[in-house]
There are 2 protein chains.
Amino acid sequence: MKKMINNSRLIPFFHPRRVAIVGASEQGMYPAGIIRNLLEHGFKGEIYPVNPRRKQVFGLTCYSDITQVPIPPDLAIVIVPRTAVLPILQQVAQVGTPAAIVITAGFAEADEEGRRLQKEMARLSRETNLAIVGPNCAGVANVPEHFIATRLPISPRTGSVTLLSQSGALMMALYGVFADYHVGINKLLSLGNQVDVTISEALEYSVMDPRTRVIAMFVEGVRNGPRFVQALRAAREAKKPVVLVKSGRTEQGRRAAATHTAALASSGQGFDAVCQQFGAIRVDDVMELVHSVRMFNQIGQNIARGRLAVVTQSGGLGSLTADLADLAGLSLPPLSSQVEKRLRQLPYIASVGVLGNPTDVRGAAVIGSATRKTLAPFMEDPETDVVLLLLAKPAVREEDVTTAQAIIHVAKTYTKPLIVVWVGLRYPPSAPDRPLAHRMLVEAGVPLFEQPGDAIRSLARVVHYYRRYPEESQHNITAHTTFMDSFRHRGARARRDPSHPIPFVKAARILERYNIPLAAYQWAPRPEDVPHAAEVLGFPVALKLISPTLTHKSDAGLVRLGLKTVEEVRKTATYMWAQARGHSVEGFLVQRMVEPGVETLVGVFQDPQFGPMVMLGPGGTLVELINDTVIRLPPLTHQQARAMIEEVRILSRLLHGYRNYPPSNLDALADLLVRVSHLAVAEEIVSLDLNPVIVNAQEAVVVDVRMFF
Amino acid sequence: MKKMINNSRLIPFFHPRRVAIVGASEQGMYPAGIIRNLLEHGFKGEIYPVNPRRKQVFGLTCYSDITQVPIPPDLAIVIVPRTAVLPILQQVAQVGTPAAIVITAGFAEADEEGRRLQKEMARLSRETNLAIVGPNCAGVANVPEHFIATRLPISPRTGSVTLLSQSGALMMALYGVFADYHVGINKLLSLGNQVDVTISEALEYSVMDPRTRVIAMFVEGVRNGPRFVQALRAAREAKKPVVLVKSGRTEQGRRAAATHTAALASSGQGFDAVCQQFGAIRVDDVMELVHSVRMFNQIGQNIARGRLAVVTQSGGLGSLTADLADLAGLSLPPLSSQVEKRLRQLPYIASVGVLGNPTDVRGAAVIGSATRKTLAPFMEDPETDVVLLLLAKPAVREEDVTTAQAIIHVAKTYTKPLIVVWVGLRYPPSAPDRPLAHRMLVEAGVPLFEQPGDAIRSLARVVHYYRRYPEESQHNITAHTTFMDSFRHRGARARRDPSHPIPFVKAARILERYNIPLAAYQWAPRPEDVPHAAEVLGFPVALKLISPTLTHKSDAGLVRLGLKTVEEVRKTATYMWAQARGHSVEGFLVQRMVEPGVETLVGVFQDPQFGPMVMLGPGGTLVELINDTVIRLPPLTHQQARAMIEEVRILSRLLHGYRNYPPSNLDALADLLVRVSHLAVAEEIVSLDLNPVIVNAQEAVVVDVRMFF
């Protein structure tokens, strides 16, 4: 945790003792809503309403401006027209208040004038050291301390989930959903336009916050990639799951995002790679976020090896659930003999049930108190870590209530998690209220879902999170400190003009500096130099004409392999020279023949948020055809590089030996990836393509290179 | 519709005038539940309880057995212990009752004795012509006719959705969900073990039923594939969408299914291909089924070209929705200039909104009556077919109700569909009842969803369904009549021993019979025959050793291309002969060299349910590596074969010309597929691999063949 900096900055936002509400009134959604919440939820600190046109607000003394407040507040919440915001913030800084939340909208997200005002606000923040959340945000809350500075009319439930959102509307909507599911919240923060405090900083803070156990985020764009990565890394180290939705995954989504958010929309691929590498859980939709957060919150680390036993009332539902488990990467181990033996002693299961995993117990086994006996063998089985009960029932009031009571009794009797999917329970038959059984289960803290996929996908995320943890945490953490340090000193090299390739010979020299193996070569500037170069190298040779404008060399007939004589080499060089007429030609690359192997591509590119990233995928002519690549932040350890190789779906099958491909030297490829990752961190390249890198049983060797500065 | 047969058989199940309930009582979930429902919902026909131990049930005269009932019923519902079921059914058949529903469980799904009893029941049904639904089922309903013969305590809402389910529990649970969403139901049928009436027959009936517009199904396994296909085809022709969940998609799911369902679990791939080909919509989970059915039911064919305009309160939610739309294949057209002009006249949007698609109107624009003015430009835009409104709000009672009223007003003013996603609305802040606004919107028939993905995916299914319709319907219908007829006369050839390959020369002759082009060849039984065969053919030639036990010929060095002289051919043949020592060898295939091209695999296999299927995918050595195949039921028209080629992701890019591959002759490949499809229908083969079929600019030609009888 030593690398974390500056986080004391955020303390006043969550633990203020004295809060000024500038623009206080008894009307208006935000001013009235926030003050009402502070009063009603029992905030223990001082509240200073500020408004020159009022004497009192909700019975509190109102001050004409913040300079009149008797003791300087440690937090100012600003809800005034946008033209008044900057002068107010000046005053806030003047009185020595360290932190301000600007609720007011109409800044960078709105128009030219708004962008100008936000720039000034940023300067003010830098110059005065005033920490600012917002503008254009929905407020903050610290639920256990009764500090609810949002307009939400919802009773907060205290717990250990912290929700950070770049969308104020979604923060409020999700808070409502969480409240309904009885998910306890620790802190809420709406980031708005991030003029100063960013989602990365808020994430850092949440990771260090001892009362936060699960972090949920809605992310639109990340401004400081390395800091975000550092925060994710720290979360992983602290075993605090980060579950997030990020918009802007597709071109269409990014276009939509670019029009409204002031933050640069980061490339989908880079963001995905970072989440994957540092164990953040990216989900696709808001209820997926809710379900995954619920599962982490309710089951936490209590899933051991994730051995799931499925108990179902309906065979069809069981088989559907097995499908969904398979797709989510959860396997259902066979029913243990011990459980089977016990089930055979239950007459209503022995006669009609189908034992297995899923075990189809039939309806009668899960009606009312029978449910307890049905579940006990599974809950007590040492070979089962999690039990999933599947019910599909219409709402039959009395029957459902006794079943729910039995389920709650079982859930409370054992420490082993019991998850319930009850299709149709949520839906009231005719009464307007929702069924009592549903409410009972939720209030008792039973993880309850309305379709199997919601339970299975979120459970799979929890299982994979803890399963992956041990081998991941260490090397991620050690490797990346260096990277972060090195990156922090650089600037926006990603935004440079990328169209500046460097000559082959220079690129080759850079590879040599990092001990990246390049097939032995001789350089021949003109056709007449080629035969001599080939003789020096020894036959057979490969011959390539190198031109910055002819990128698909092999398609153009400018690559020839296995040339065996001086004469063959001379004729080929002359032919290529003629073929390339009209193009700028660097020269000829005469290369020793590499034993055939798997052609891979190893690349480096600059992500606008996260800086250099290393890519591995299929190489050669299929590179653009098969979309099968894995991306990682450099630098890589050997172990990480090996893991990366395993993740490239098709390629890794080839590398492990497929039909007439013998197994390749994976360690050699991993070494090469590690060295490329060092190059990526240390050199200010814009992009690098090593394509192909031929990997055979002996070696991994670069055959061609294109590097852009 | 002429091909439909026998469907009058199902009439008594849905339109009975006299129903006997055998095993009637005032206790027991089923007996009491069904009689109570018939009475309470106002069934107009006669109800005859049958039970020797009672005189009256719920005030109705009870008969000691069915022979005592004054007029023979046209439907008997049987709820007695399993040992009593067969004698009862005998009586039912005796009195001339044409139809029976067996609710009782404990048959093929349970144990050996149950399987035996079910077999007897099947024989009884065949011999007496008694139509039987079940056993092990949950009943039937015809809602508009007040005939509710299930134990559901739910008020039915009349409409045009028919729900068919192999799982009784899910049928009841889904019915509850539909009722809650105010989706009107026409008919319900729980199929159970399908001893006689199958889901295919029920589907046929629903397609012909004029009161059914949308068909929802939960399928575990299909018994008579061709009949199922025929029913899907008829549904497509009638433009009645079929939305289904089927379990058993993965190995794990099939294993689970195999343990509990009496029907053979059909192969996931074949089932998917059939759905795809005949326009059935297969979804992955139960709420996905509900949402898609709701969308078809509420929006129906009213979506024109599917041009979607997204109006959002939150930029982040808009961008997330654009992502999800992209993934679902829905593109968002640019905002029309007319709408833009009108929005600029609305001050609260002009000042802070971001116009585009999505248009981010900001919160104020969608609070209360402002919502009407905000939506009007979109609803009136001739370039927009569907409007999606995105809200993310916590439940704020008064405000939400006025907003909901405004939305309902807009929805009722225009014929254009308005879809609403309101994140957080469903969740009551503290009161136990669900928010009034939610109930108002659902009751007004506004399609309401709680996360964007649910709306987007189901809308995409509707749009694609109607977009694909015109070009699909015709050739599907004409081509398949023949296929069905030819198939019906065959038996279970799929279940034969598949390990019987036929010799190359015989396979080649079968290909010739269907004019499937095979590269010119000469056959040489022994090495000494090879040189002469090569001379007859003319050099250069390809040489292959053919052995039924050496399947990966090229890996084993038993394929050599471009042999140029008699000497080369002789030496190679001798070498191969030695290599194959210990294997059974058919002989040598000497073949003319085919111009290089894209290597494809064209195959035929037998699906256990659907019979022969034609497959197209990448060929050569990559066949097992890249999972990129498309499957179709034969026979194929040329147009269908062309469509099939376009669907193979990677392969179709190669075929259209990629880098040094010139565009291939797609018509030649399509012709070949058509001919193979004829072969597949007419010949009783178990499987066929044409691999590779080389497709170049001139031709599509088979280079190697393996055929199993």
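Now for a quick tour of the structure. Computed from a predicted model, the values in this text were never measured in an experiment. Each chain carries its own residue numbering, running from 1 in the direction its sequence is written. Both sets of labels track the order of writing: A upward for chains, 1 upward for ligands. At least 70 in pLDDT is required for a residue's local features to be given in this predicted model, at least 80 for side-chain atom pairs to be given and counted, and no such filter applies to totals for whole chains, interfaces and linings, which use all residues. The side-chain figures draw on all heavy atoms in the structure; neither hydrogens nor water molecules are used.

### Quick word on the overall build of chain A
So the rule is basically this: A run of H or I in DSSP becomes a helix once it reaches four residues, and a run of E becomes a strand once it reaches two; helices and strands are each numbered from the N terminus. For the exposure calls, accessible area comes from a 1.4 Å probe over protein chains only, and a residue counts as buried if that area is under 20% of its type's maximum, exposed if over 50%, partly exposed in between. The contact definition used throughout considers only heavy atoms, calling two residues in contact when any of these lie within 4.5 Å. Only the protein chains shown count as cover for residues, and all accessible areas are computed by the Shrake-Rupley method using a 1.4 Å probe.
Across its full length, chain A carries 23 helices and 29 strands. Per-residue burial for chain A yields a buried fraction of 62% across its 709 residues. Contacts in chain A between residues at least 24 apart in sequence constitute 73% of all its contacts with a sequence separation of at least 6. On chain A, roughly 25400 Å² of surface is accessible, and the fraction owed to carbon and sulfur atoms is 51%.

### Concerning the packing of helix H6 (residues 199-208) of chain A against helix H7 (residues 225-237) of chain A
All names here are of chain A. Under the convention used in this document: Comment: axis = line fitted to C-alpha atoms, over the contacting stretch for helices; angle = value between 0 and 180 degrees taken between N-to-C directions. Throughout this description, any angle smaller than 35 degrees is read as roughly parallel, any larger than 145 degrees as roughly antiparallel, any in the 65 to 115 degree range as roughly perpendicular, and the remainder as oblique. By the definition used in this description, the sense in which the near helix is turned from the far one sets the handedness, with an anticlockwise turn below a right angle giving left-handed and a clockwise turn giving right-handed. Three classes are used: nonpolar for Ala, Val, Leu, Ile, Met, Phe, Trp, Tyr, Cys and Pro, charged for Asp, Glu, Lys and Arg, and polar for all others, with Gly counted as polar.
Where H6 meets H7, the axes come as close as 9 Å, and the angle between the chain directions of the two elements is 20°. With respect to each other, H6 and H7 are oriented roughly parallel. H6 and H7 meet at a crossing whose hand is left-handed. For the pair H6 and H7, the contacting residues are Ile199, Ser200, Glu201, Leu203, Glu204 and Val207 in the first and Arg227, Phe228, Ala231, Leu232, Ala234 and Ala235 in the second. Here the contact of H6 with H7 is composed, by residue class, of eight nonpolar, one polar and three charged.

### Comments concerning the pairing of strand E13 (residues 242-246) of chain B
Residue and element names in this part refer to chain B. Note the threshold: We treat two strands as partners when DSSP finds at least two bridges between them. Look down the strands so they point away from you; if the path from the first strand over the helix to the second goes clockwise, the crossover is right-handed.
Where burial is concerned, most of E13 is hidden: five out of the five residues are buried. Burial along E13 is two-sided: the face carrying Val242, Leu244 and Lys246 and the face carrying Val243 and Val245 are both buried. As judged from the five bridges shared by strand E12 (residues 214-219) and E13, these two strands associate in the parallel manner. If you follow valine 219 over to E13, its bridge partner there is lysine 246. Regarding the hand of the β-α-β motif, the stretch spanning E12, helix H7 (residues 225-237) and E13 is right-handed. Bridging between E13 and strand E14 (residues 281-283) involves three bridges; their strand directions are parallel. Each residue of the ladder has a partner; that of leucine 244, found in E14, is arginine 282.

### What to know about the pattern of salt bridges
It is possible for side chains of opposite charge to pair when their charged atoms get near one another. Heads up, the rule is: In what follows, salt bridge is the name for a side-chain nitrogen of Lys or Arg lying within 4 Å of a carboxyl oxygen of Asp or Glu.
Enumeration according to the criterion identifies 50 salt bridges over all chains in this entry. Note that glutamate 204 of chain A is salt-bridged to arginine 227 of chain A, the shortest N-O span being 2.7 Å. Here glutamate 204 of chain A, found in helix H6, pairs with arginine 227 of chain A, found in helix H7; they are 23 residues apart in sequence, far enough to count as distant. Each member of the pair, glutamate 204 of chain A as well as arginine 227 of chain A, is classed as buried. Across the salt bridge formed by glutamate 340 of chain B and arginine 344 of chain B, the nearest N and O atoms sit 3.0 Å from each other. One end of the pair, glutamate 340 of chain B, and the other, arginine 344 of chain B, are both in helix H12 (residues 337-344), four residues apart, so they sit about a helical turn from each other. When its relative accessible area of 28% is taken as the criterion, glutamate 340 of chain B is described as partly exposed.

### Here's the deal with the packing of aromatic side chains
Describing an aromatic ring pair means giving the distance of the ring centres and the angle of the ring planes. To be explicit about the condition: For this analysis, a ring pair means two rings from Phe, Tyr or Trp (six-membered ring only for Trp) whose centres lie within 6.5 Å, classed as stacked if their planes differ by under 30 degrees, edge-to-face if by over 60, and tilted for the remaining angles. A ring is scored as having a charge over it whenever the NZ atom of a lysine or the CZ atom of an arginine sits within 6 Å of its centre and within 35 degrees of its normal.
Following the criterion strictly, the structure yields 24 aromatic pairs over all chains and no others. Here the aromatic rings of tyrosine 48 of chain A and tyrosine 63 of chain A are separated by 5.9 Å at their centres, their planes lie at 75°, and the arrangement is edge-to-face. Taken as a pair, tyrosine 48 of chain A in strand E2 (residues 46-50) and tyrosine 63 of chain A in the loop between strand E4 (60-61) and strand E5 (75-78) lie far apart in primary sequence, 15 residues in all. Both residues of the pair, tyrosine 48 of chain A and tyrosine 63 of chain A, count as buried. Following the ring pairs from residue to residue traces out a cluster consisting of Phe228, Phe271 and Phe610 of chain A. For the cation-ring pair, lysine 506 of chain A lies above phenylalanine 709 of chain A, with the distance from its terminal atom to the ring centre recorded as 5.7 Å. Between the NZ or CZ atom of lysine 246 of chain B and the centre of the ring of phenylalanine 271 of chain B, over which it lies, the distance is 5.1 Å.

### Observations concerning the sheet that holds strand E22 (residues 559-563) of chain A
Residues and elements named next belong to chain A. Within the open sheet, the four strands sit side by side as E20-E23-E21-E22. Their pairing is antiparallel. The outermost strands of the open sheet, each flanked by one partner alone, are strand E20 (521-524) and E22. Between one strand and the next, the sheet's axes are offset by a mean angle of 20°, whatever the strand orientation. Pairing of E20 with strand E23 (residues 587-592) involves four bridges; the strand directions are antiparallel. Paired with tryptophan 523 across the two strands is leucine 589, which belongs to E23. Strands E20, strand E21 (541-546) and E23 of the sheet are contacted by helix H18 (residues 504-513), whose axis makes an angle of about 155° with E20.

### Side note on the sheet that holds strand E15 (residues 308-312) of chain B
Residues and elements named next belong to chain B. What the five strands build is an open sheet, ordered E16-E15-E17-E18-E19; its pairing is parallel. Only two strands of the sheet have a single partner each, and these edge strands are strand E16 (359-360) and strand E19 (448-449). Against the sheet, helix H11 (residues 315-327) engages E15, E16, strand E17 (386-392) and strand E18 (418-423), with an angle of about 135° to E17.

### A short note on the packing of helix H19 (residues 530-537) of chain A against helix H20 (residues 566-579) of chain A
Residue and element names in this part refer to chain A. The N-to-C vectors of H19 and H20 enclose an angle of 140°; their axes lie 9 Å apart at closest approach. Taken together, the axis directions place H19 and H20 in an arrangement best described as oblique. Once H19 is placed against H20, the crossing between them reads as right-handed. Counting all contacts with H19, which are made through Val530, Pro531, Ala534 and Glu535, the residues of H20 involved are Val566, Val569, Arg570 and Ala573.

### Focus: the side chain of threonine 104 of chain B
Residue and element names in this part refer to chain B. Note the following rule: Residues adjacent in sequence count toward polar contacts only when both atoms are side-chain atoms; beyond that, a polar contact is any pair of N or O atoms within 3.5 Å, and within protein one must be able to donate a hydrogen and the other to accept it.
As for its placement among the helices and strands, threonine 104 is situated in the loop between strand E6 (99-102) and helix H4 (112-128). A residue is classified by how much of its surface remains accessible, and threonine 104, at 10% relative accessible area, is buried. Here valine 80 takes part through its backbone oxygen, which lies 2.7 Å from a polar atom of the side chain of threonine 104. Ignoring sequence-local partners within four residues, the contact set of threonine 104 consists of Val78, Ile79, Val80, Pro81, Arg82, Val85, Pro135 and Asn136.

### Considering helix H18 (residues 504-513) of chain B
Residues and elements named next belong to chain B. Short version of the rule: What the arc measures is the spread of directions leading from the helix axis to the C-beta atoms.
Within H18, the full set of buried residues consists of Phe504, Ala507, Ala508, Ile510 and Leu511. The buried residues of H18 occupy an angular sector of 160° when projected down its axis, which confines them to one face. Residues of H18 that are exposed and point more than 90 degrees away from the buried face comprise Arg509 and Arg513. Positive phi appears at asparagine 515, one or two residues downstream of H18, with a value of about 55°.

### A short note on the pairing of strand E18 (residues 418-423) of chain A
Residue and element names in this part refer to chain A. For E18, the buried fraction is high: six of the six residues fall into the buried class. The two faces of E18 match: Leu418, Val420 and Trp422 on one face and Ile419, Val421 and Val423 on the other face are all buried. Pairing of strand E17 (residues 386-392) with E18 involves six bridges; the strand directions are parallel. Opposite valine 387, over in E18, you have leucine 418 as the bridge partner.

### A word on H7 of chain A
Note that an α-helix has 3.6 residues per turn; residues three or four places apart therefore point the same way. Residues and elements named next belong to chain A. Put simply, the rule reads: One less than the residue count of a helix, multiplied by 1.5 Å, gives the span that helix is expected to have.
The end-to-end C-alpha separation of H7 is 18 Å, in line with the 18 Å expected for 13 residues at 1.5 Å each. Inspection of H7 places Gly225, Pro226, Arg227, Phe228, Val229, Gln230, Ala231, Leu232, Arg233, Ala234, Ala235 and Arg236 among the buried residues, and these make up the whole buried set. Lysine 239 occupies a position one or two residues after H7 and carries a positive phi of about 55°.

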